[in-house]
Amino acid sequence: MSSKPAILIVEDEPGIADTLQYALRTDGFEPLWVATGEAALAKLREASPALVILDVGLPDLNGFEVFKRLRAFSDVPVVFLTARADEIDRVVGLELGADDYVAKPFSPRELVARIRTILRRAARAPTAGAAPPSPFAIDEGRRQIRFYGRPLELSRYEYGLLKTLVEHPGHVFSRDTLLDKVWDTHSESLDRTVDAHVKTLRAKLKTVAPALEPIRTHRGSGYALAEDLPAALP
Ligand code: CA
């Protein structure tokens, strides 16, 4: 298996596809080439290229349609190849959310440089499923949460609260939402129930990391887990 990043070229003109394949290969990429929109979608379902170069003018589906369909199942970065001004307008409006576009005729070197930029950007951006390292580790089986490796002794509601916050770092939960998610009956549901549990939770977290404030209060709106916690204890 090759470790070179694969780039899928979707282009019906063999001359352009050849030029692109050559430029990409020279620059250390592994080009894959298909000539139609349907072939592109089929290819994307079996291979996971690092990026797609997508011609707008294809013989079957146009590039915009291909883009819309591939977005239904893939987040792969896409660079459009456009030949006409009206196509450029449409891509630039980026009603589509493409990553970039290149107008024909184009310089293969410039295109490859842009591809490198996009791939660097994509590598930095957090992607779904690849969360940054967290000081929290949830053990659902034991209903236990570790904080910097130390197991916390939590009541049932403290566990539910912290689990909810930890699973969505940075997301501000209102007291109502927390009551709904964590408390199964509303008989004891009062905003200050949440506040009281957050208070005891904070005290327990302080015993592990006195200098940190992992649970942030958002005045008037609720609570969120801090996103800037160090990976190791300070
Ligand atoms: Ca074309």
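Our subject is the structure that appears above.
Residues numbered from 1 in each chain as written. Predicted model: local features only at pLDDT ≥ 70, side-chain atom pairs only at ≥ 80, totals over all residues. Heavy atoms only, no water.

S.K.: Which residues make up the sheet that holds strand 3 (residues 51–55), and what are the values?
M.R.: With parallel pairing, five strands are arranged side by side in an open sheet as 2-1-3-4-5. On the outer flanks of this sheet lie strand 2 (30–34) and strand 5 (100–103), each paired with one strand and no other. Taken pair by pair, the neighbouring strands of this sheet meet at an average axis angle of 20°, ignoring direction. Taken strand by strand, helix 1 (residues 14–26) contacts strand 1 (6–10), strand 2, strand 3 and strand 4 (78–82), and its axis lies near 165° from that of strand 2. (Pairing = 2+ DSSP bridges. Helix = DSSP H or I, 4+ residues; strand = E, 2+ residues; numbered from the N terminus. Axes fitted to C-alpha atoms, helices over the stretch in contact; angles between N-to-C directions. Contact = heavy atoms within 4.5 Å.)

S.K.: Let's hear about unusual backbone geometry: which residues, and what values?
M.R.: A negative phi angle characterises most non-glycine residues, just as the trans form characterises most peptide bonds. Residues Lys104 and Pro105 are joined by a peptide bond in cis, for which omega reads -5°. Here Pro105 shows up in the loop between strand 5 and helix 5 (108–124). Phi is positive for Arg143, which is not a glycine, with a value near 50°. Within the element layout of this structure, Arg143 appears in the loop between strand 6 (136–139) and strand 7 (144–147). Positive phi values are uncommon outside glycine, yet Tyr148 reaches one of about 50°. Positionally, Tyr148 belongs in the loop between strand 7 and strand 8 (150–151).

S.K.: Please give an account of the sheet that holds strand 6 that cites residues and values.
M.R.: Strand order in the open sheet formed by three strands is 6-7-8, and the pairing between neighbours is antiparallel. The two strands at the open ends of the sheet, each matched to only one other strand, are strand 6 and strand 8. Strands in contact with helix 6 (residues 156–167) are strand 6 and strand 7; relative to strand 6, the strand with the most contacts, it is inclined by about 125°.

S.K.: Please provide a residue-by-residue account of the coordination of the calcium ion, values included.
M.R.: Listed as protein donors to the calcium ion are Asp12 (OD), Asp55 (OD) and Gly57 (O); their distances from the metal cover 2.2 to 2.4 Å. In primary sequence terms, the donor set of the calcium ion follows D-x42-D-x1-G. On the basis of relative accessible area, Asp55 is assigned to the buried category, the value being 3%. Given a relative accessible area of 37%, Gly57 falls into the partly exposed group. (Donors = N, O, S within 2.8 Å, 3.2 Å for Na, K, Ca; no water. Buried < 20%, exposed > 50% of the residue type's maximum accessible area, 1.4 Å probe, protein only.)

S.K.: Describe in detail the packing of helix 1 against helix 5, supporting the description with residues and values.
M.R.: Direction vectors running N to C along helix 1 and helix 5 enclose 55°, while the axes themselves pass 10 Å from each other. As summarised for this structure, helix 1 and helix 5 are arranged oblique, according to the angle between their axes. Our pair here, helix 1 against helix 5, has a crossing hand that is right-handed. Taken together, the residues of helix 5 that come into contact with helix 1 (itself represented by Thr19, Leu20, Ala23 and Leu24) are Pro108, Leu111, Val112 and Ile115. Considering only residue class, the contact of helix 1 with helix 5 consists of seven nonpolar, one polar and no charged. (Parallel < 35°, antiparallel > 145°, perpendicular 65-115°, else oblique. Left-handed = near helix turned anticlockwise from the far one by under 90°. Nonpolar A, V, L, I, M, F, W, Y, C, P; charged D, E, K, R; others polar.)

S.K.: Describe the side chain of Lys163, listing the residues and the values that go with them.
M.R.: As for its position among the elements, Lys163 is in helix 6. Lys163 sits in the buried class, given a relative accessible area of 18%. Leaving out residues up to four positions away in the same chain, Lys163 has contacts with Ile138, Glu140 and Ile145.

S.K.: Hey, could you go over helix 7 (residues 175–182) for me, with residue numbers and the actual values?
M.R.: Among all positions in helix 7, only Arg175, Leu178, Leu179 and Val182 are buried. Seen end-on, helix 7 carries its buried residues on one side only, within an arc spanning 100°. Turned more than 90 degrees away from the buried face of helix 7, the exposed residues are Asp176 and Asp180. (Arc of directions from axis to C-beta.)

S.K.: Requested: an account of the pairing of strand 10 (residues 222–225), with residues and values cited.
M.R.: Residues of strand 10 alternate between two faces, with Gly222 and Ala224 on one and Tyr223 and Leu225 on the opposite face, all of them buried. Bridge analysis of strand 9 (residues 215–218) against strand 10 gives four bridges, and the strand direction is antiparallel. When the sheet's bridge partners are listed, Arg216 is paired in strand 10 with Ala224. Taking the residues that link successive antiparallel strands as the turn, the strand 9-strand 10 hairpin has three residues, and the phi of Gly220 there is positive, at about 80°.

S.K.: Tell me about the environment of Leu178, residues and numbers included.
M.R.: One can find Leu178 in helix 7. Classification of Leu178 as buried rests on a relative accessible area of 0%. On a C-alpha basis, the gap between Leu178 and Gly222 in space is 8.9 Å, while along the polypeptide they are 44 residues apart. Not counting the four nearest positions on each side in its chain, Leu178 is found in contact with Leu161, Thr164, Phe173, Trp183, Val194 and Tyr223.

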